[in-house]
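Spelled out from the first residue to the last, the chains are:
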Protein chains: 2
Amino acid sequence: MELLIPLDPQEKKPLYEQIYAHIRGEIRSGGLKAGDRLPSTRILAEHMKISRSTAQMAYDQLLAEGYIEARPYRGYFVNPVEELMETGPAGGEEMETALPEPSPWSVDFSPRGIDLESFPYGVWRKLSRNTLVDDNKEMFHSGSHQGEPGLREAIRSYLHSARGVLCSAEQIIVGAGSEYLLMLLAQILGGGRTIAMENPTYRQAYLVFRSLGYQVCPVEMDENGMDPDQLKASGADVAYVMPSHQFPTGIVMPVGRRQELLKWAADGRYLIEDDYDSEFRYRGKPIPALQGMDRSGRVIYLGTFSKCIAPAIRVSYLVLPPKLLKRYREQAGFYASTVSRIDQNILYQFLAQGYFERHLNRMRAIYKAKHDLFLEAIQPLQPLFEIRGEYAGIHILLTSRTGIPEETLIARAEAAGVKVYGLSGYFIHPEHNRRPGTIVLGYACLSEEEILRGAGLLKECFLGKPVGGDADLVR
Amino acid sequence: MELLIPLDPQEKKPLYEQIYAHIRGEIRSGGLKAGDRLPSTRILAEHMKISRSTAQMAYDQLLAEGYIEARPYRGYFVNPVEELMETGPAGGEEMETALPEPSPWSVDFSPRGIDLESFPYGVWRKLSRNTLVDDNKEMFHSGSHQGEPGLREAIRSYLHSARGVLCSAEQIIVGAGSEYLLMLLAQILGGGRTIAMENPTYRQAYLVFRSLGYQVCPVEMDENGMDPDQLKASGADVAYVMPSHQFPTGIVMPVGRRQELLKWAADGRYLIEDDYDSEFRYRGKPIPALQGMDRSGRVIYLGTFSKCIAPAIRVSYLVLPPKLLKRYREQAGFYASTVSRIDQNILYQFLAQGYFERHLNRMRAIYKAKHDLFLEAIQPLQPLFEIRGEYAGIHILLTSRTGIPEETLIARAEAAGVKVYGLSGYFIHPEHNRRPGTIVLGYACLSEEEILRGAGLLKECFLGKPVGGDADLVR
């Protein structure tokens, strides 16, 4: 049987995903029927002038999701679609992240993406070659539970110089992503904790704490961040904060407020400082970490390489105050590291040989350029919208001065083919949103052209049309 | 200052660890005093004819542990030793695994090690190069939460053919090690569970469950494994078992007993089947997994690549029954995968291109040869010792027929420079040990020469001396 699969080399999605998506579409639409035989990977590869492993990867995904089956000595056959529904594709999130559908949007201002165009792939390849040279067999033996000493020292020295974090490498625990480290932290802190979170906040962290059985108290923020009186009233014994650049509001917590929080924590409580994107600041001095001000050992510092290197490398780190370090070793020291020694060594070289710093500087310049371009392009919105969270991070906030509700803004943008994100989505209880007409716009993974096109479309749909006349757009 | 560091190229420990260990020794012994300046990495490297990065790694570890400090523009200086004691090396396990001290033993029969001499490093290098080729940028974007579909399909197909596991790739969750997957499982099953464990068992799993707040009931075993009556009486709603090759007893659970356990689980309970080393069986057919017999969706299958590939790659997998898969997606589906996409792709190629199967066959032959050699060498112990757990796995058990207590056996062996492990160490409550005179002997990472030497020494100290006359040795 012949397959005619249109491939778009410009398309960001890799070839095997395009092939996968096409065949899956054919099966869903009935173009391919149960029992139909697919061409062998060899035929498909020759026929489409692609590598055989690309064809194999596409088939593997169809197999994985149950769309086709492999019969020994016979080939690949389409499964009946009814059966699929039970063991069908995973619910929501999971498969979406695995296989992004072709975006229906002309421009998607997702706050989640990061720019990987300028990642030093060549360097990473070189470092991984260096790590796997013959005399490095010990890389395959299990290593330090906390993380390789060399990597922890490199992280310590970076945190000290760039973030003003005061710690020894002994206090650092390297782990496979911030979510895992929060799981580990929960076992160190002990169950049944009540945790205060900024509202709005980083929802993923909220989901983790909830799933770990923590009682979560959302605490309102003023222009300086988490409200200390509400915090005291909350009865929480742990607070999760992002003082250097709160997500999503972009609020920077001033020294006074930081001291109030440290005072709150001083008697037996803890502050978790999530410093997720502090590397990116485009104006003024970088803001040192809260951890550096802590004299009573109450701050737990959480950092990640997901934003500043790449999400897929899965390396984050905790800096524990001495008291919790002791408890970690007594209660959770038996857990082996979740990051492979090979990856730790690649990252170690990336940091120790200065590549990380160069990469950060390059990305800071790239993001600043995108940020400046975007801000300038949306200036015409100033009269009708407050523009906030600028000069740092990789997203901004637009708040309607004329009280246009969030849903209307989103609907107008969508009608223009632009995906924007309502602030309510970041509230633990959306009804707590006291900034009705606010949308969040991320620009990290957009090209200059996309940024300008997106800004143009936003101007059209936010300025071009009368506030009243959008009933037809809301649909 | 000149450093004379004796390096042993034969020594398994990498050069940088030898340098690290020597300097640390000098500092501890006072040979190097607080404030002493160490040579620069460049000088040290030239002086010792080693690469500069090797020297740097050694210094980084000394820095990480606080033995030395780096002063900008001046160099590396020895720290006062008093201060070290506070932020000194980590307690127990952690640093041990990081930096194994030179073993004091002539032969160490550790059951934990695996043989990495025959690992196909070249293949692994090649596959990681293939993964990092330019057109694979998507490897750096975050991927499927459950694990890459291609890898899951490769695992499914391996489990189906090699272990008789019946599942779709959709039921598989890939994670950074079994301990992490048990943490995740605990969130899927929900807290406050009571879990039954074989006694003796894999203590690491016991520590995880305890640390997760599970109530653990140790359940005695007869020659067929976990006692079903005690299990029923325990009131547990989950049981953790190793039916194919129980650790450490080596017991293989027969079909009848498996059915009893499945019957127990059938109404609302769960069995966690840890199939940690079933790949290694040297006689008879491989024993299919319990999961394959499960008709009511009550078995959670746990597998790992730590034993059959390498501990440091940190990849394990869970196979969830449909009901728990649904709950996973509802309650824990938001957790991103803890294994980097790059590593998943390397492993995917290793499996899909047949390297894994070849590697398993090679290792099976290597371990069988070591096993046969060891068994033959200790045959003379037969009259005085029962030898159990053979024909599978990578360790055996010796039980004294004359009632010599465990401690005495260990003491005698130690006096002869041989490290052996008492069975009591694997009991949740050592006092439950009903096989007093039993020791566990692992041979995976020993060379033929070490195995023969170790067997010889054991014969000497177990046969050579009269049972009574060992008071002096027990000290």
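The shown structure was predicted, so the numbers you read here are calculated from the model rather than taken from an experiment. (Residues numbered from 1 in each chain as written. Chains lettered and ligands numbered in written order. Predicted model: local features only at pLDDT ≥ 70, side-chain atom pairs only at ≥ 80, totals over all residues. Heavy atoms only, no water.)

A.B. asks: Residues and numbers for the interface of chain B and chain A, please.
C.D. replies: Contacts between the two partners involve 79 residues from chain B, matched on the other side by 79 residues from chain A. For the pair chain B and chain A, the summed buried surface comes to about 6,600 Å²; carbon and sulfur atoms form 60% of the total. Counting across the interface, chain B meets chain A through zero salt bridges. Along the contact surface separating chain B from chain A lie 14 residue pairs in polar contact (both at pLDDT 80 or more). At six residues, helix 3 (residues 52-64) of chain B tops the list of elements feeding residues into the side of chain B that touches chain A. Class assignment for the residues of the side of chain B that touches chain A results in 36 nonpolar, 24 polar and 19 charged. (Contact = heavy atoms within 4.5 Å. Buried area = accessible area lost by both parts, 1.4 Å probe. Salt bridge = Lys/Arg side-chain N within 4 Å of Asp/Glu carboxyl O. Polar contact = N/O pair within 3.5 Å; in protein donor to acceptor, adjacent residues only side chain to side chain. Helix = DSSP H or I, 4+ residues; strand = E, 2+ residues; numbered from the N terminus. Nonpolar A, V, L, I, M, F, W, Y, C, P; charged D, E, K, R; others polar.)

A.B. asks: Please provide a residue-by-residue account of the sheet that holds strand 2 (residues 68-71) of chain B, values included.
C.D. replies: Within a sheet, neighbouring strands are paired by backbone hydrogen bonds and run either parallel or antiparallel to one another. All names here are of chain B. The three strands lie next to each other as 1-3-2, forming an open sheet whose pairing is antiparallel. The open sheet has two edge strands, strand 1 (37-38) and strand 2, and neither has a second partner. Where strand 2 lies against strand 3 (residues 75-78), four bridges are found, and the strand directions are antiparallel. In the strand pairing of strand 3, arginine 71 is matched with glycine 75. (Pairing = 2+ DSSP bridges.)

A.B. asks: Outline the packing of helix 13 (residues 341-352) of chain A against helix 14 (residues 355-378) of chain A, supporting the account with residue identities and numerical values.
C.D. replies: All names here are of chain A. Look at helix 13 against helix 14: their axes get within 4 Å of each other, and the N-to-C directions meet at 70°. Relative to helix 14, the element helix 13 is oriented roughly perpendicular. Between helix 13 and helix 14, the contacting residues are Gln349, Phe350 and Leu351 on the first element and Tyr355, Phe356 and His359 on the second. Here the contact of helix 13 with helix 14 is built from residues that sort into four nonpolar, two polar and no charged. (Axes fitted to C-alpha atoms, helices over the stretch in contact; angles between N-to-C directions. Parallel < 35°, antiparallel > 145°, perpendicular 65-115°, else oblique.)

A.B. asks: So what's going on with the side chain of glutamate 406 of chain A? Which residues, and what values?
C.D. replies: Residue and element names in this part refer to chain A. Within the secondary structure, glutamate 406 sits in helix 15 (residues 406-415). A relative accessible area of 7% means that glutamate 406 is categorised as buried. Reaching out from glutamate 406, the side chain makes a polar contact with the backbone nitrogen of leucine 423 at a distance of 3.3 Å. Looking at glutamate 406, its side chain comes within polar contact range of the side chain of serine 424, at 2.8 Å. Other than its neighbours up to four places away in sequence, glutamate 406 contacts Gly422, Leu423, Ser424, Asn433, Pro436, Gly437 and Thr438. (Buried < 20%, exposed > 50% of the residue type's maximum accessible area, 1.4 Å probe, protein only.)

A.B. asks: So what about the relation of the copies chain B and chain A? Which residues, and what values?
C.D. replies: Relative to chain A, chain B is turned by 180° and slid 0.0 Å along the rotation axis, the superposed coordinates differing by an RMSD of 0.1 Å. Interpreted geometrically, this transformation is the action of a two-fold axis. A symmetric contact is evident, with 100% of the interface residues of chain B recurring at the interface of chain A. (Least-squares fit on C-alpha atoms with pLDDT ≥ 70 in both.)

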